[in-house]
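Observations on the three-dimensional arrangement
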Amino acid sequence: MLLGGTQIGWYGVVIGTIGDLTAQAFSWESDLARAAVMIATSVLMCLTACYGYRGMYWVSAISTPLILILAFWVLFRSLDEVGGWSGLADVQPNATMTTAVAITTVVGTFVSAGTQAPNWTRFARTGNQALIACVIGFLIGNGLMIFFGATGAMTFGQGDFVLVLYDLGLVTWGLVLLFGNLWKSNADTAYAFGVAGAELFEKPSKTPFVVGGSIVGTVLALVGVQNHLVDYLVLLGVFIPPLGGVIIGDYLARWRGGMPEGERLPALNLPNLAVYAVASAAAYVAKEAEIGIPPVIGVVLAAVGAYAVGRSGLNRRLDPAG
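For clarity, every value in this text was computed on a predicted model and none was experimentally measured.

**Quick look at the packing of helix H11 (residues 229–239) against helix H12 (residues 241–255)**
Relative to each other, H11 and H12 sit at 25°, their axes nearing to 4 Å. The angle between H11 and H12 places the two elements in the roughly parallel class. Of H12, the residues touching H11 (which contributes Leu236, Gly237, Val238 and Phe239) are Pro241, Pro242 and Leu243. Broken down by class, the residue content of the contact of H11 with H12 amounts to six nonpolar, one polar and no charged.

Below, the structure written as structure tokens:
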């Protein structure tokens, strides 16, 4: 429910962003035109996800190299604009953000997808291939895109990479980047909440959940969920890391040797749910009180708690099937 629900929200943010930035590119004032773009792109992304992993693979194979080329070009153009690395270091921001909020926001940009990485790594031939793909995708790929975006924002005063291209007079390339990047990521998002729904309701097909979630996400976009992006990212950065922490701790405590043949997990693992709730509450309190770094607090507490619960045998003692 948590992963599927947050992915639907993220889907809505992306659809709304596409509609707003397309309208800005063509100077459209009509809300109807913006809504039409949102609905049309949502249908396209939904169909891609319904087609499955192969469809998302080809979208990524085409768009990713192009995105990297444009990103590096904007980086060099930004450095030229401010006089190199030293000029970039001298840029003074006109707004501030605490380190904890900044880290939480950055974590929020990828943590929901990161926790669902098994949706993609299960297609890997070996565990090493899965690990390498995650390192390249999350640490290198996501890190580079945040760096490129920050460079453009510091130089041109625009918080969105596409708007930097617009400012440089590259409206067409900006739209190519917009649709290529977000089509790729949002098809993955739709696939993810489709898998979550099928798993939650124990159905053999994810397609009805892909379609239903896409409709809900599109409605969210039409009412402006994208205008609250930073707040949404902060919430993701608070409540998703503890879920990953529980998975890590439980794996280290109980599953490093693999799952025994015929093992059936309980429908609800109450001890681990309790660990998640406590770790999430601690991360939220840390955010509100501005103590430490909330996602780090959440994931560490959850991992330690789940490991302790797993090693104590409490899971199996409370499992009716155990």
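On we go.
**Here we look at unusual backbone geometry**
Despite not being glycine, serine 27 shows a phi value in the positive range, around 60°. By the element assignment, serine 27 lies in the loop between helix H1 (2–26) and helix H2 (31–51). Despite not being glycine, glutamate 290 has its phi angle at roughly 55°, a positive value. Tracing the sequence through the fold places glutamate 290 in the loop between helix H13 (270–289) and helix H14 (294–312). With relative accessibility at 63%, the residue glutamate 290 sits in the exposed group.

**Some thoughts on the packing of helix H3 (residues 53–82) against helix H7 (residues 127–156)**
Across the interface, H3 lies against H7 with an axial gap of 9 Å and an inter-helix angle of 35°. Our pair here, H3 against H7, has a crossing hand that is left-handed. Residue-level inspection shows Ile67, Ala71, Phe72, Leu75, Ser78, Glu81 and Val82 of H3 in contact with H7, the latter providing Met145, Phe147, Phe148, Thr151, Gly152, Thr155 and Phe156. In the contact of H3 with H7, the residues fall into nine nonpolar, four polar and one charged.

**Observations regarding the nonpolar core**
Counting residues in hydrophobic clusters, the biggest one holds 50 residues, and the most contacted among them are Tyr11, Ile18, Tyr166, Leu177, Leu178 and Leu236. The element contributing the most residues to this core is H1, with ten residues. Among all residues touching tyrosine 11, those that are not within four sequence positions of it are Ser42, Met45, Cys46, Asn186, Thr189, Ala190, Phe193, Ser214, Gly217 and Thr218. In this structure, Val246, Val275, Ala279 and Ala302 belong to the second largest nonpolar core, which totals seven residues.

**A word on a nonpolar patch on the surface**
Taken together, the side chains of Ile39, Val43, Leu47, Val211, Ile215, Val219, Leu222 and Val223 define a hydrophobic patch exposed on the protein surface, amounting to about 710 Å² of accessible area. Sort the elements by how many residues they give to the nonpolar patch and helix H10 (residues 207–222) lands first, with four residues. Tracing the backbone through its elements, the reader meets valine 43 in helix H2. What makes valine 43 partly exposed here is its relative accessible area of 44%.

Quick notes on the rules
Residues numbered from 1 in each chain as written. Predicted model: local features only at pLDDT ≥ 70, side-chain atom pairs only at ≥ 80, totals over all residues. Heavy atoms only, no water. Axes fitted to C-alpha atoms, helices over the stretch in contact; angles between N-to-C directions. Helix = DSSP H or I, 4+ residues; strand = E, 2+ residues; numbered from the N terminus. Parallel < 35°, antiparallel > 145°, perpendicular 65-115°, else oblique. Contact = heavy atoms within 4.5 Å. Nonpolar A, V, L, I, M, F, W, Y, C, P; charged D, E, K, R; others polar. Buried < 20%, exposed > 50% of the residue type's maximum accessible area, 1.4 Å probe, protein only. Left-handed = near helix turned anticlockwise from the far one by under 90°. Core = buried A, V, L, I, M, F, W, Y, C linked by side-chain atoms within 4.5 Å. Patch = residues over 30% accessible without salt bridge, like charges linked within 9 Å, V, L, I, M, F, W, Y side chains within 5 Å. Areas by Shrake-Rupley, 256 points an atom, 1.4 Å probe, with all protein chains shown as cover. Salt bridge = Lys/Arg side-chain N within 4 Å of Asp/Glu carboxyl O.

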